[in-house]
Amino acid sequence: MTPQGVAILGSTGSIGTTALRVLDRHRDRFAVRALTAHANAALLHRQVEAWTPTFVALVEGDGEAPAAWLRGAGALVEAATRPDVAVVLNAIVGAAGLDATLAALGAGKRVALANKESLVVGGALVAAAARRGGGAVVPVDSEHSAILQCLSGRDASEVRKLVITTSGGPFREWPAERVRAATVQDALNHPTWSMGRKITVDSATLANKALEVIEAHFLFGLGYDQIEVVVHPQSIIHSMVEFRDGSVLAQLGVPSMELPILYALSHPERIADAGIPVFDAVSAGRLTFEAVRHEAFPCLGLGIAAGKAGGAAPAVFNGANEQAVALFLEGRVTFGAIAEAVEDALARLAGLSGGDLPSLWHADAQARRTVREKFA
Ligand code: NDP
């Protein structure tokens with residue numbers, strides 16, 4: 001079998017480096033053809049030495065880069081559309097991943113999508129690009145991978161609802177007042193998953209679950225009232241699907257991104273050696289569930305409301321959240337200010353149109369500006 005060419009966009013991040021570990025065990029099936037990073041030239045250098053891809057790009061950064069490496073955001077689109085690439089793993093963080101997702105789908109590629117922000121900002125455009133170009137999106141998010149595995153080809157009309165699980169993050173049991181005053185160090189201390197800084201903060205505010213609800217809406221074609229979020233602190237059940245006859249299927253496993261990454265590459269086939277520890281029900285022990293405490297985690301409700309509003313609202317939610325999280329990580333605003341900033345931006349920018357890419361980028365920029373001005 002000729003190995004399938006893979007491009008990894010964001011190869012120096014948490015998902016990118018985990019993906020390279022997964023691919024190292026499957027060199028007979030997959031060949032890394034393109035690697036991109038934002039600014040981490042040193043790690044990209046080491047990855048290039050180990051994988052000898054035919055295409056390398058470093059979007060920004062002042063680090064020493066060989067002349068053969070491409071620079072600038074346009075290089076992401078180039079990596080995503082190369083003829084020697086069949087699968088594009090989009091592991092970029094933030095809305096910056098959208099253009100490459102659209103380009104890859106337009107060129108008929110399989111997109112293994114970790115970059116959920118692509119679907120949140122441009123869900124309808126992503127679906128249209130896939131239809132037009134013949135590409136397909138396969139989710140990397142463990143929750144959506146679980147849902148895909150539970151659905152296993154069944155029609156959406158047989159589904160009553162999706163139940164997306166969340167660990168609840170590090171502040172699951174904290175009083176709302178204490179959550180609002182959480183420090184950067186508190187927020188980066190996730191109980192069950194080790195991830196990049198932005199998604200770790202999103203997991204603490206539960207903005208990440210809102211992004212996932214919108215992602216599920218676009219991936220599986222279900223209404224927002226058919227998507228529920230439930231707290232499951234052990235992160236063993238990755239999500240569930242309830243069918244119209246009342247049967248509920250769940251997908252379980254130890255918390256590790258290696259399986260969802262491998263499954264996104266091989267779907268619908270399952271290949272041996274995902275590299276995850278064997279699941280042992282007895283050591284997993286007790287599995288518990290709780291309702292979300294919306295009063296302590298307002299970002300979840302704000303994001304779902306933005307999804308329901310449609311138009312540019314999800315792009316505003318995402319852009320405001322990205323900007324507010326960046327300010328929080330720089331120590332310039334409090335944890336509680338993230339939700340306040342998102343709520344404020346959604347109220348100020350309600351009704352912006354989002355029918356095409358320029359209007360979505362306009363909404364994204366306006367949302368970021370609104371947040372910056374609020375805290376200037
Ligand atoms: P990281 O911050 O660890 O990595 C992000 C990657 O994207 C890095 O390679 C970074 O390059 C690159 N990057 C950052 N900004 C840009 C930009 N503007 N243009 C191009 N490349 C950029 O993030 P994660 O790996 O944690 O997350 C990546 C995506 O996967 C996110 O959308 C996240 O929500 C999703 N996801 C992550 C999970 C996880 O376990 N980490 C689980 C499920 C989903 P550099 O290193 O040079 O800065």
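Residues numbered from 1 in each chain as written. Predicted model: local features only at pLDDT ≥ 70, side-chain atom pairs only at ≥ 80, totals over all residues. Heavy atoms only, no water.

## Quick word on the site of the ligand
(1) Moving on: Taken together, 25 residues lie near the ligand, and Thr12, Ala39, Asn40, Glu117 and Gly196 sit nearest.
(2) Moving on: Within the backbone of glycine 10, one N or O atom sits 3.2 Å away from an oxygen atom of the ligand.
(3) Moving on: Here glycine 13 contributes a backbone N or O atom positioned 3.1 Å from an oxygen atom of the ligand.
(4) Moving on: Residues belonging to the shell around the ligand are distributed by class as follows: 13 nonpolar, 9 polar and 3 charged. (Near = heavy atom within 4 Å. Polar contact = N/O pair within 3.5 Å; in protein donor to acceptor, adjacent residues only side chain to side chain. Nonpolar A, V, L, I, M, F, W, Y, C, P; charged D, E, K, R; others polar.)

## Overview of the environment of glutamate 177
(1) Moving on: Inspection of the secondary structure assignment puts glutamate 177 in helix 7 (residues 176-180).
(2) Moving on: Once the C-alpha coordinates of glutamate 177 and leucine 259 are considered, the two residues, 82 residues apart in sequence, prove to be 37 Å apart.
(3) Moving on: Within the local environment of glutamate 177, its side chain forms a polar contact with the side chain of arginine 180, the two groups lying 2.8 Å apart. (Helix = DSSP H or I, 4+ residues; strand = E, 2+ residues; numbered from the N terminus.)

## Quick notes on the side chain of threonine 166
(1) Moving on: Relative to the elements of secondary structure, threonine 166 occurs in strand 8 (residues 159-166).
(2) Moving on: Engagement of the side chain of threonine 166 in a polar contact is seen with the backbone nitrogen of glycine 168, the distance being 2.9 Å.
(3) Moving on: Those residues in contact with threonine 166 that sit more than four places away from it in its chain are Leu206, Lys209, Val229, Val230, Val231, His232 and Pro233. (Contact = heavy atoms within 4.5 Å.)

## Details of the packing of aromatic side chains
(1) Moving on: Following the criterion strictly, the structure yields 3 aromatic pairs and no others.
(2) Moving on: Taken together, a centroid distance of 4.4 Å and an interplanar angle of 45° make the contact between phenylalanine 171 and tryptophan 174 tilted.
(3) Moving on: Note on tryptophan 174: relative accessible area 16%, which makes it buried.
(4) Moving on: Between phenylalanine 171 and phenylalanine 335, the ring centres sit 5.2 Å apart and the planes meet at 85°, which makes this aromatic pair edge-to-face. Linking phenylalanine 171 in the loop between strand 8 and helix 7 with phenylalanine 335 in helix 15 (residues 335-348), this pair joins segments that are 164 residues apart in sequence. Comparing phenylalanine 171 with phenylalanine 335, the two get one shared label, buried.
(5) Moving on: Each residue in the set Phe171, Trp174, Phe328 and Phe335 is aromatic and connected to the rest through ring pairs, giving one cluster.
(6) Moving on: The cationic tip of arginine 27 hangs over the ring face of tryptophan 51; the distance from NZ or CZ to the ring centre is 3.9 Å. (Phe/Tyr/Trp six-rings, centres within 6.5 Å; stacked < 30°, edge-to-face > 60°. Buried < 20%, exposed > 50% of the residue type's maximum accessible area, 1.4 Å probe, protein only. Lys NZ or Arg CZ within 6 Å of the ring centre and 35° of its normal.)

## A short note on unusual backbone geometry
(1) Moving on: Here the residue pair histidine 267 and proline 268 is connected by a cis peptide bond, since its omega of 5° sits within 30 degrees of zero.
(2) Moving on: Notably, threonine 52 is not glycine yet its phi reads approximately 40°, a positive angle.
(3) Moving on: Secondary-structure assignment places threonine 52 in the loop between helix 2 (41-51) and strand 3 (55-58).
(4) Moving on: Judged by its relative accessible area of 63%, threonine 52 falls in the exposed class.

## Section: the pairing of strand 5 (residues 87-90)
(1) Moving on: Neither face of strand 5 is open: one carries Val87 and Leu89, the other Val88 and Asn90, and all of them are buried.
(2) Moving on: Sheet topology places strand 5 next to strand 6 (residues 110-113); 4 bridges connect them, and they run parallel. Looking at strand 6, one finds that valine 88 is bridged to valine 111.
(3) Moving on: In this fold, the crossover linking strand 5 to strand 6 by way of helix 4 (residues 98-106) has right-handed handedness. (Pairing = 2+ DSSP bridges. Right-handed = clockwise from strand over helix to strand, strands pointing away.)

## Thoughts on helix 4
(1) Moving on: Counting buried positions along helix 4 gives 7 out of 9 residues, so the element sits mostly inside the fold.
(2) Moving on: Taken together, the buried positions of helix 4 are Leu98, Ala100, Thr101, Leu102, Ala103, Ala104 and Leu105.
(3) Moving on: Glycine 108 lies just past helix 4 and shows a positive phi near 80°.

Purely geometric stuff here, so don't read any function into it on its own.
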